[in-house]
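Take a look at the letters that make up each chain.
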Amino acid sequence: MWNFAVAVFLVELYGNSLLLTAVYGLVVAGSVLLLGALIGDWVDKNSRLKVAQTSLIVQNLAVVLCGVLLMLIFQFQDPLAELYSGWLLTACYIVIITVANIANLASTATSIAIQRDWVVVVAGEDRNKLADMNATVRIIDQLTNILAPMLVGQIMAFGSHFIGCGFISGWNLCSMCLEYCLLWKVFQKTPALAVKAGQKEEYVELSQLNPKQAMAETENPSEGSQLVNGAVAGKNDVAAEVSFCRRLWDPVRTFQAGWVAYYNQSIFLACLSLAFLYMTVLGFDCITTGYAYTQGLNGSILSLLMATSAVCGILGTVVFTRVRRRCGLVRTGFISGVAQLSCLLLCVASVFAPGSPFDLTVSPFQDLASQLVRGASALPEISPTVATVITTSLANSTTGGHDMEEMPQVDSYLSVGLLFTGVIAARVGLWSFDLTVTQLIQENVKESERGVINGVQNSMNYLLDLLHFIMVILAPNPEAFGILVIISVSFVAMGHAMYFCFAYRSLRSRLFLCFSPEQKTVTRAPSVSSV
């Protein structure tokens, strides 16, 4: 809900300009890129309950604070703009972006802790159960991404941005309490969550020294945790004597160690392949939506396309569970990659289909050069850029106006039709592949490194996502969108090529079997893991 609303709020704050939204996106991407490994390391080194509670509280309180600040600015924006020549209002913008970024970092920690660690512990050794839980979490996430924007959009359409900010603040405050209680109940019902990998080693040593006390601790896990924490506390007292300079250097060493550990994973190529899928404009983000507006599609059609895309994403999670049971986990990733890449070939065909604005005679840097040399007021009179169309549509939607700017007429809708057919159909393979790599990380990364590896994975995802935005900034005009499509499909192909190398290294010629031989032995030998 907040992720959708914050972009609209920032656009409205800065006079229907995308500047604040772009700055916010850059800050978020840069923060996760730099701090992803540190966040993961913090998740690894602290108890599960403490991590989940802290990140949940920080995330929701930061959103509440942002909502309150936005309400104040919407209410007193004109007086604030006159104070100190507008510098006070600029300071408010900086505070909002900073607090919103803290909320995003806390959300990253929550995602790593719950979806990448808690789920694995709750599922235990049952990999089928783990796959089902991953799919269920993803379906819930997809449904939330559909329903939340609809709810917030209606509130802002029939009310105001002030009311929208207040609703989101109240919602997060109430949901924080509910989520906190649910986390506590899950923690109580799953004793394995109380002990992490490092604590388990301490517990083994203590049990060898005093078996009777270890048995008593098994019956009363809270006392055992206190004993383990006491032993860890003794080590922390020694660590407290480390010099101040060395402490300052610790984050840098943690950052370096996290990336080295990520590179040394046996599933490194599979993880890297997932990151490469983020280097694409072929998704329902502001870039593709803006391009669709330049091709004559209105908001009503786009909303239907986005709903269809979400349904295909949910279908992809269902396909993942069924294909994994029949073919095994590694083969599921290979099949999903082939399916996604095959669908994206329709997007390549759309570049050369009738109705496509693709034109190599128009320099992809024409808009950028015009802005740098002549300034924003002297742009050349060509087709609207993606950013211009998004700004116009957002301005009309937030003010409640119905006289939207007339979209440019196109000779044929075949090109844009092929584009969105490929994008929507590819969602099935995309989400199935995403779940495959997620479970590969869950099953193959040591428990003591889950946090840092997933933190680095998030950093890689944001890095490639940041590169795709830079690519759009360099070539923003619709005539160059075909180049962006071809580059995007090339990166997706490279990502799946890396996954193929990983899969073939793991299974060799067995990769091309239509079923997993290991699956047939599960009924007779439940302990045998699927490939």
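Residues numbered from 1 in each chain as written. Predicted model: local features only at pLDDT ≥ 70, side-chain atom pairs only at ≥ 80, totals over all residues. Heavy atoms only, no water.

**Student:** Which parts of the structure should I look at to understand the environment of V119?
**Tutor:** Within the secondary structure, V119 is located in helix α4 (residues 87–123). Classification of V119 as buried rests on a relative accessible area of 8%. Note: C-alpha distance between V119 and A131 (twelve residues apart in sequence) is 9.8 Å. The contacts of V119, once residues within four sequence positions are left out, are I114, L130, M133, N134 and Q442. (Helix = DSSP H or I, 4+ residues; strand = E, 2+ residues; numbered from the N terminus. Buried < 20%, exposed > 50% of the residue type's maximum accessible area, 1.4 Å probe, protein only. Contact = heavy atoms within 4.5 Å.)

**Student:** Would you explain the nonpolar core in this entry?
**Tutor:** Inside soluble globular proteins, nonpolar side chains tend to come together where they are buried. Core analysis: the largest hydrophobic core is formed by 66 residues, its most contacted members being L282, L419 and F420. Contributing elements (two or more residues each) for this core: α10 (244–263), α11 (268–276), α12 (286–294), α13 (299–327), α14 (329–352), α17 (414–444), α18 (450–474) and α19 (481–507). If you tally residues by element for this core, the top one is α17, at twelve residues. Once residues within four sequence positions are removed from consideration, L282 is found in contact with T288, L344, C347, L419, V423, R427, V485, S488 and V489. (Core = buried A, V, L, I, M, F, W, Y, C linked by side-chain atoms within 4.5 Å.)

**Student:** Looking at this structure, I do not really get the pattern of salt bridges. What am I missing?
**Tutor:** Pairing between side chains becomes possible if they bear opposite charge and their charged atoms approach one another. All told, the structure shown has nine salt bridges when counted by the stated rule. Of the charged contacts, one joins D117 and R48 as a salt bridge, the two residues approaching to 2.8 Å between their closest N and O atoms. Here D117, found in helix α4, pairs with R48, found in helix α3 (residues 48–82); they are 69 residues apart in sequence, far enough to count as distant. Overall, the relative accessible area of 5% leaves D117 in the buried class. With a closest N to O distance of 2.3 Å, R138 and D434 form a salt bridge. (Salt bridge = Lys/Arg side-chain N within 4 Å of Asp/Glu carboxyl O.)

**Student:** Help me understand a nonpolar patch on the surface in this model?
**Tutor:** A surface patch of nonpolar side chains, amounting to about 290 Å² of accessible area, comprises Y14, L19, V23 and V27. In this structure, L19 sits in helix α2 (residues 19–45). The class for L19 is partly exposed, based on a relative accessible area of 43%. (Patch = residues over 30% accessible without salt bridge, like charges linked within 9 Å, V, L, I, M, F, W, Y side chains within 5 Å. Areas by Shrake-Rupley, 256 points an atom, 1.4 Å probe, with all protein chains shown as cover.)

**Student:** Could you clarify how one ought to interpret helix α6 (residues 161–189) in this entry?
**Tutor:** It helps to recall that an α-helix has 3.6 residues per turn; residues three or four apart then point in one direction. Along its 29 residues, α6 runs 41 Å from first to last C-alpha, staying within 8% of the 42 Å computed at 1.5 Å per residue. Residues H161, G164, C165, I168, S169, N172, S175, M176, L183 and F187 constitute the buried set of α6. (Expected span 1.5 Å × (residues − 1).)

**Student:** Teacher, can you tell me more about the environment of G355 here?
**Tutor:** Following the sequence through the fold, G355 ends up in the loop between α14 and α15 (366–373). Here the alpha-carbon distance between G355 and V416, two residues 61 residues apart in the chain, equals 7.6 Å. Those residues in contact with G355 that sit more than four places away from it in its chain are Q295, S412 and S415.

**Student:** Can you walk me through the packing of helix α1 (residues 2–13) against α2 in this structure?
**Tutor:** Axis separation between α1 and α2 bottoms out at 7 Å; the angle between their running directions is 135°. With respect to each other, α1 and α2 are oriented oblique. Contact residues: α1 offers V6, A7, L10, V11 and L13, while α2 offers L20, T21 and Y24. Among the residues making up the contact of α1 with α2, the classes are represented as seven nonpolar, one polar and no charged. (Axes fitted to C-alpha atoms, helices over the stretch in contact; angles between N-to-C directions. Parallel < 35°, antiparallel > 145°, perpendicular 65-115°, else oblique. Nonpolar A, V, L, I, M, F, W, Y, C, P; charged D, E, K, R; others polar.)

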